[in-house]
Amino acid sequence: MTGATGKPAAPVGARPRGRRRATVRGRGAISPLAALVWLAPALLLIVGVVLWPAVELVRASRSRYSITGLRKGPAGWDNFRNVLANDSLGTVLTNTVIWVIAVVALTIAISLGVAQFLTKDFWGRRFVRWAVIVPWAASLVITARLFTLIYSYYYGSINAVLLDLHLITTPIDFLGSDKLIMPSMIAVGVFVSIPFTAYVFVAGLGAIPTEVHEAARIDGGSPWQIWRHITLPLLRPAILVASVMNMIYVFNSFPIVYTLNESNPGFSHDTTITFMYKLAFKSAEKDVGQSAAAGLFNVVIILVAVLVYLRVTRWRDQEEQ
Amino acid sequence: MTRRSRAWRVAAVGLGASIALAGCSGGSGAGSAGGNSSSGSASGPTTIKLVAAEYSKDHTKAFWDKFATDYKAKTGNTLQVQIVSWDDIDQQSSTMVQNNNPPDILNLNAYASYAKDNLLYSSDDVLSASVKSDLLPAFVKSGSYQGKMYGMPDLSSARAMFYNKTLFTKAGIAAPPKTWAEFEADAKKITALGGGDIGYGLPLGPEEAQGEFSIWLFNNGGDWKTDGKWTINSPQNVETLTFLKSLATQKLTQNNPGKTNRQDAFDLFASGKVGMVVGFSPLAGTLDKAGKVDYGVAPMPTKADGGTPQTFGVTDYLMAFKKPGNQAAVKAFYDLYYQPDQVNTFIKAEGFLPVTTTGIAAFASDPKLKTYLDTLPNAHLTPTDDPTWDKVKLAVQQNLGTAMTGDPKAVLDKLQQSAENGG
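Residues numbered from 1 in each chain as written. Chains lettered and ligands numbered in written order. Predicted model: local features only at pLDDT ≥ 70, side-chain atom pairs only at ≥ 80, totals over all residues.

Asker: Could you give me a rundown of the overall build of chain A, with the residues and numbers involved?
Answerer: Along the backbone of chain A there are 13 helices and two strands. Here chain A, with 321 residues, has 35% of them falling under the buried criterion. For chain A, long-range pairs separated by at least 24 residues make up 67% of all intrachain contacts whose partners lie at least 6 apart in sequence. (Helix = DSSP H or I, 4+ residues; strand = E, 2+ residues; numbered from the N terminus. Buried ≥ 20, exposed ≤ 12 C-beta atoms within 10 Å, placed from the backbone. Contact = placed C-beta atoms within 7 Å.)

Asker: For the overall build of chain B, give the residues involved together with the corresponding values.
Answerer: Of regular secondary structure, chain B possesses 19 helices and 13 strands. Counting only residues that meet the buried cut, chain B has 54% of its 423 residues in that class. Within chain B, contacts between residues separated by at least 24 positions form 75% of all contacts whose residues are at least 6 apart in sequence.

Asker: How would you sum up the sheet that holds strand β6 (residues 152-158) of chain B? Please name residues and give values.
Answerer: Residue and element names in this part refer to chain B. The mixed open sheet is built from five strands, whose spatial order is β2-β1-β3-β13-β6. Of all the strands in the sheet, the pair left with one neighbour each is β2 (78-84) and β6. For this sheet, the mean angle separating the axes of adjacent strands, direction not counted, is 15 degrees. Where β6 meets strand β13 (residues 313-320), six bridges bridge the pair, whose relative direction is antiparallel. Counterpart to serine 157 in the pairing with β13 is valine 314. Strands β1 (47-53) and β2 of the sheet are contacted by helix α2 (residues 60-75), whose axis makes an angle of about 170 degrees with β2. (Pairing = 2+ DSSP bridges. Axes fitted to C-alpha atoms, helices over the stretch in contact; angles between N-to-C directions.)

Asker: So, the environment of threonine 302 of chain B: which residues are in play, and what are the values?
Answerer: Residues and elements named next belong to chain B. Position of threonine 302 relative to the elements: it lies in the loop between β12 (295-298) and β13. Residue threonine 302 is classed as buried on the basis of its C-beta count, with 20 C-beta atoms lying within 10 Å. Residues threonine 302 and alanine 181 lie 121 residues apart in sequence; the distance between their C-alpha atoms is 9.0 Å. Among all residues touching threonine 302, those that are not within four sequence positions of it are Thr179, Asn219, Gly307, Thr308 and Pro309.

Asker: With reference to specific residues and values, describe the sheet that holds strand β11 (residues 274-279) of chain B.
Answerer: Where strands meet in a sheet, backbone hydrogen bonds hold them as pairs that are either parallel or antiparallel. Residue and element names in this part refer to chain B. Read across the sheet, four strands follow the order β8-β11-β7-β12 without closing on themselves; strand pairing throughout is mixed. The sheet is open, and its two borders are formed by β8 (198-201) and β12, each paired with just one other strand. Here the strands of the sheet are splayed against their neighbours by 20 degrees on average, with no regard to which way each runs. The pairing of strand β7 (residues 160-164) with β11 spans four bridges and is classified as antiparallel. Bridged to tyrosine 163 within β11 is methionine 276. Across the sheet, helix α12 (residues 262-270) is in contact with β7, β8 and β11; its angle to β11 comes to roughly 140 degrees.

Asker: Go over the environment of threonine 91 of chain A with me, naming the residues and quoting the values.
Answerer: All names here are of chain A. As for its position among the elements, threonine 91 is in helix α4 (residues 89-119). Taking the C-beta count within 10 Å as the criterion, threonine 91 has 16 such neighbours and is therefore assigned partly exposed. Here the alpha-carbon distance between threonine 91 and phenylalanine 267, two residues 176 residues apart in the chain, equals 7.9 Å. Leave out the neighbours within four places in its chain, and threonine 91 touches Phe267 and Ser268.

Asker: Break down the domain arrangement of chain B for me, citing the residues and quoting the values.
Answerer: Residue and element names in this part refer to chain B. For chain B, the assigned domains are domain 1 (47-157 + 314-378) and domain 2 (160-310 + 386-420). Taking the mean C-alpha position of each, domain 1 and domain 2 sit 29 Å from one another. The interface is formed by 14 residues belonging to domain 1 together with twelve residues belonging to domain 2. Of all elements in the fold, only α4 (112-116) and α17 (370-375) reach the threshold of two or more residues within the side of domain 1 that touches domain 2. In terms of residues, the side of domain 1 that touches domain 2 owes the most to one element, α4, which gives three residues. A breakdown of the residues in the side of domain 1 that touches domain 2 according to their chemical character gives seven nonpolar, four polar and three charged. (Domains from an automatic or database assignment. Nonpolar A, V, L, I, M, F, W, Y, C, P; charged D, E, K, R; others polar.)

Asker: Explain the packing of helix α5 (residues 125-137) of chain A against helix α8 (residues 181-206) of chain A residue by residue, including any values.
Answerer: Residue and element names in this part refer to chain A. Where α5 contacts α8, the two axes come as close as 7 Å, and the packing angle between them is 125 degrees. With respect to each other, α5 and α8 are oriented oblique. In this structure, the crossing between α5 and α8 has a hand that is left-handed. For the pair α5 and α8, the contacting residues are Val132, Ile133, Pro135 and Trp136 in the first and Phe191, Val192, Pro195, Phe196 and Ala198 in the second. For the contact of α5 with α8, the class distribution of residues is nine nonpolar, no polar and no charged. (Parallel < 35°, antiparallel > 145°, perpendicular 65-115°, else oblique. Left-handed = near helix turned anticlockwise from the far one by under 90°.)

Asker: Tell me what's going on with the confidence of the model for chain A, and back it up with residues and numbers.
Answerer: Looking at chain A, the pLDDT average stands at 87 and 89% of residues meet or exceed 70. Low confidence marks residues 1-24 of chain A, where pLDDT is under 50. Its contacts with residues over four positions away, or in another chain, come to 20 contacts. (pLDDT = per-residue confidence, 0-100.)

Asker: Explain unusual backbone geometry residue by residue, including any values.
Answerer: Here histidine 166 of chain A, not a glycine, exhibits a phi torsion of approximately 60 degrees, which is positive. Within the secondary structure, histidine 166 of chain A is located in the loop between α7 (157-164) and α8. The class for histidine 166 of chain A is exposed, based on 7 C-beta atoms found within 10 Å. Phi at lysine 251 of chain B is positive, roughly 60 degrees, even though this residue is not glycine. Relative to the assigned elements, lysine 251 of chain B resides in the loop between α11 (235-249) and α12.

Asker: Could you give me a rundown of the confidence of the model for chain B, with the residues and numbers involved?
Answerer: Residue and element names in this part refer to chain B. Overall, the predicted model of chain B reaches an average pLDDT of 88, with 90% of residues at or above 70. Highest mean pLDDT in chain B belongs to α11 (97); lowest belongs to helix α1 (residues 3-28) (44). Within the model, the stretch residues 1-42 combines pLDDT values under 50 with 98 contacts to residues more than four positions away or in other chains. ipTM for the predicted complex: 0.81, alongside a pTM of 0.83.

Asker: Outline the nonpolar core, supporting the account with residue identities and numerical values.
Answerer: Judged by nonpolar contacts, the single largest core of 180 residues is most densely connected at Phe201 of chain A together with Tyr111, Leu120, Phe162, Met319 and Val330 of chain B. Of the residues forming this core, the biggest block, twelve residues, is contributed by α8 of chain A. Residue contributions to this core reach at least three from each of two domains, namely domain 1 (47-157 + 314-378) and domain 2 (160-310 + 386-420) of chain B. When near neighbours in sequence (up to four residues on either side) are disregarded, tyrosine 111 of chain B contacts Leu120, Gly143, Tyr150, Gly151, Tyr317 and Met319 of chain B. (Core = buried A, V, L, I, M, F, W, Y, C linked by C-beta atoms within 7 Å.)

Asker: Explain the environment of leucine 106 of chain A residue by residue, including any values.
Answerer: Within the fold, leucine 106 of chain A resides in helix α4. Counting along the chain gives 80 residues from leucine 106 of chain A to isoleucine 186 of chain A, while the straight-line C-alpha distance between them is 9.0 Å.

In structure tokens, the structure reads:
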């Protein structure tokens, strides 16, 4: 695990340092000690926020814990074996894949439209731009809690409206039905992910020079052609960043799944993140060690997923060029 | 900047973020800082820390803050108070123990696992004889692990059947049901009123499935443990769960009872839609405050004709962690807490029931509490004195609800098996 965590950090850290050292030498004079003093706050932050928790996580995953949280001794690889042997692991992984792919794909698709809309000139654009930020600015727990009320079987506003319109005769059990809970959670996930993504795209659209579009129009390109062959390719870096950030963000999203899924027993609608939490504190396992092991699996899963995604998109780039 | 290095950078940022997240949620986050909770010298003033569960927003913090002032005035010691919501307290206490930084006093609904891990003072160390003799014997028993008492009760509750008098009158039901057969018939009558009225509010979701199932199985002569052996899948218990499932399949309950939490069932009852629900005194407090529902409180119906109604009692605990130099301060804490004007004030404000003999005498004058107080000394409790129960309880919470759509016997068989394997 430590090998994997150290590896990707190295190139990022090493390159700028090498470059800076070259220029410093050129001018001739900063002692390594002085440099260290200047770097100290950043280094402390990295050690405290990234390295120390990671080390603790690895240590916890290799320890045997009592239900009270008391460390009882080393556990070897037992925690990892137990997580892999968990009956619900397959369900949880499937849920996670559906959750991440559906939320990210829908978010990107909808945000592309929203961003186009927000860059147009219209009366009240400032107001709309602010309004779009709201779901992002609100605390996820509060948003999720609000949606449990909106979805509620007995008091939910969606059911109330549908019943009043006589579209349904009995309420829909959005959060209790095994078929509907995942789509219901995905809808909320998309709702809270759109603002950030749309703003990344607004920035991306703003960075496209207007001359390119003008030239395309003069050449007689239809709006669809212009969007497909000019806007979309030039937006590719923004889409790449937005997808990767969203993948990580949605994968790690805890409050929505946990809150909306709260009254469902067992693991049948959990993703790997809520699975990890329940392993530690709510399930019959109640085992911090297993939860830490699951946490390390999570890190590996998202790392692999992101790298695969980046590789796939780069490969497509080269093919097109 | 090449595309390649950008990709690496994005990946590295993501990795950092996910590690940091995993680290926090894995429970290895920093414990609360600023705790010189055990200052070594036994003679001078000591600072101890209390982590207490939040029973209500209005009263819990107010009581403990006042208590800390009284404690300081009486003993010279300082009491740091940290109030934690019930949702978070398992996580917080586990993290504190894990980081070797437990509080001196912890308020929780379980203690046996902590006693088993040898983390706690027993009553011999920290409870004055006069205090211990005042505690109700049922709670001394439930607070004792392997012959020694570690779980000091802070308050208690007993369950009873709440019924909506307005709906009962509308459905032509004269008196609350005494047997399961009457209960089922009454639930049918209320459901038949139409208009969305619900016969019985049955919460078997993960919040407190073990509580709801307990009171029903006790009234069928069942128990979780009998003579020291687990009897989760006993014929009585299977019969009980099958009966509850039949209520669900006949649609006499609210929608999806296996996925309904207790609070949701209470909310439905408070909205006036539900005929009957198993409740406890804090629910009465909520209903009185809202003043919307005309309700009555009755003993639970029994399976057998002419059976004696059984009550399910619950108590939470104040346990004391062994830390160098804190024993005298902890003892002083208990001495003060069990003063009638402290413990009874707290219990009264929170709407619960007393844990002491003097408390029962003090509360006896309240006619609203009579139904509970009469039954309290004989209340059945869950086997909180067995550390295995701490895990079995979680397994019950996470699995019992599945019996509403699955096979009750299979669900109980599996729970029995996990209990026999030590949870």
